[in-house]
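# Structural characterization, general
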Amino acid sequence: MSAILPPAAWDGRFVSTLEAMVFVRTQIRTGVMTEMFIGRLDVYSLRAFVLGVHFHQFCCGQKDTQYMAFVDWLRDVCKEFPSP
């Protein structure tokens with residue numbers, strides 16, 4: 001078991017993909033190694049992390065519309081995200 005604990009405010013409620021990613025970023029900025037969250041340091045591992053979060057949400061019957069809007073913005077406005 002990891003010593004990294006999620007915020008108590010997450011207990012019993014939906015946690016969006018962006019919230020989870022901000023939590024990871026905050027932990028990394030405080031000195032936690034990125035590898036604790038995604039393993040090997042590459043974009044494929046980060047993508048696997050995000051897909052894992054999405055799978056969990058799917059299993060719980062949740063849709064993360066905020067993240068999907070973010071992906072649409074990256075793709076359509078910034079041209080920085082591959083098409084689906």
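Here goes a summary of the coordinates provided. (Residues numbered from 1 in each chain as written. Predicted model: local features only at pLDDT ≥ 70, side-chain atom pairs only at ≥ 80, totals over all residues. Heavy atoms only, no water.)

Moving on, we get to the overall build of the protein. In terms of helices and strands, the protein carries 4 helices and 0 strands. Helices and strands appear in the protein in the N-to-C order α-α-α-α. With respect to the three principal axes, the spread of C-alpha positions in the protein is 40 × 30 × 20 Å. By sequence separation, contacts in the protein at least 24 residues apart represent 45% of the contacts at least 6 residues apart. By element, 64% of the accessible surface of the protein is carried by carbon and sulfur atoms, the whole surface being about 6400 Å². (Helix = DSSP H or I, 4+ residues; strand = E, 2+ residues; numbered from the N terminus. Contact = heavy atoms within 4.5 Å. Areas by Shrake-Rupley, 256 points an atom, 1.4 Å probe, with all protein chains shown as cover.)

We now examine helix α4 (residues 65-76). With 12 residues, α4 should reach 16 Å at 1.5 Å per residue; the first-to-last C-alpha distance of 16 Å fits that figure. Burial in α4 covers these residues: Tyr67, Val71 and Leu74. Summarising the axial view, the buried residues of α4 lie within an arc of 60°, below the 170-degree limit, and thus occupy one face. Where α4 is buried, its residues touch α1 (17-29) and α3 (43-59). (Expected span 1.5 Å × (residues − 1). Buried < 20%, exposed > 50% of the residue type's maximum accessible area, 1.4 Å probe, protein only. Arc of directions from axis to C-beta.)

Our focus in this paragraph is the pattern of salt bridges. Evaluated as defined, the whole model comprises 4 salt bridges. A salt bridge links aspartate 42 to arginine 40, with the nearest nitrogen and oxygen atoms 3.1 Å apart. Salt-bridge contacts for aspartate 72 lead to arginine 75; the nearest nitrogen and oxygen are separated by 3.2 Å. Remark: arginine 75 and aspartate 72 occur in helix α4; sequence separation between them is 3 residues, near one turn of the helix. Through salt bridges with shared partners, a single network forms among Asp72, Arg75 and Asp76. (Salt bridge = Lys/Arg side-chain N within 4 Å of Asp/Glu carboxyl O.)

The subject of this paragraph is the environment of glutamine 57. Its location among the elements puts glutamine 57 in helix α3. Relative accessible area serves as the criterion here: at 3%, glutamine 57 is assigned to the buried category. In this structure the C-alpha to C-alpha distance between glutamine 57 and valine 71, which are 14 residues apart in sequence, comes to 16 Å. If near-sequence neighbours (up to four positions away) are discounted, glutamine 57 is found in contact with Phe14, Val15, Ser16, Thr17, Gln62 and Asp64. At 3.5 Å, the side chain of glutamine 57 forms a polar contact with the side chain of aspartate 64. (Polar contact = N/O pair within 3.5 Å; in protein donor to acceptor, adjacent residues only side chain to side chain.)

This next bit is on α3. Owing to its 3.6 residues per turn, the α-helix brings residues three or four apart onto one side. Relative to the 24 Å expected for 17 residues at 1.5 Å per residue, α3 spans 24 Å between its end C-alpha atoms, a close match to the ideal helical length. Ser45, Val50, Val53 and Gln57 are the residues of α3 that are buried. Down the axis of α3, the sector holding all buried residues measures 145°, keeping them to one side. Every exposed residue of α3 that faces more than 90 degrees away from the buried side is listed here: Tyr44, Phe55, Phe58 and Cys59. Those residues of α3 that are buried lie in contact with α1, α2 (35-38) and α4. Taking the backbone nitrogen of tyrosine 44 as reference, a side-chain oxygen 3.1 Å away marks aspartate 42 as the first, capping residue of α3.

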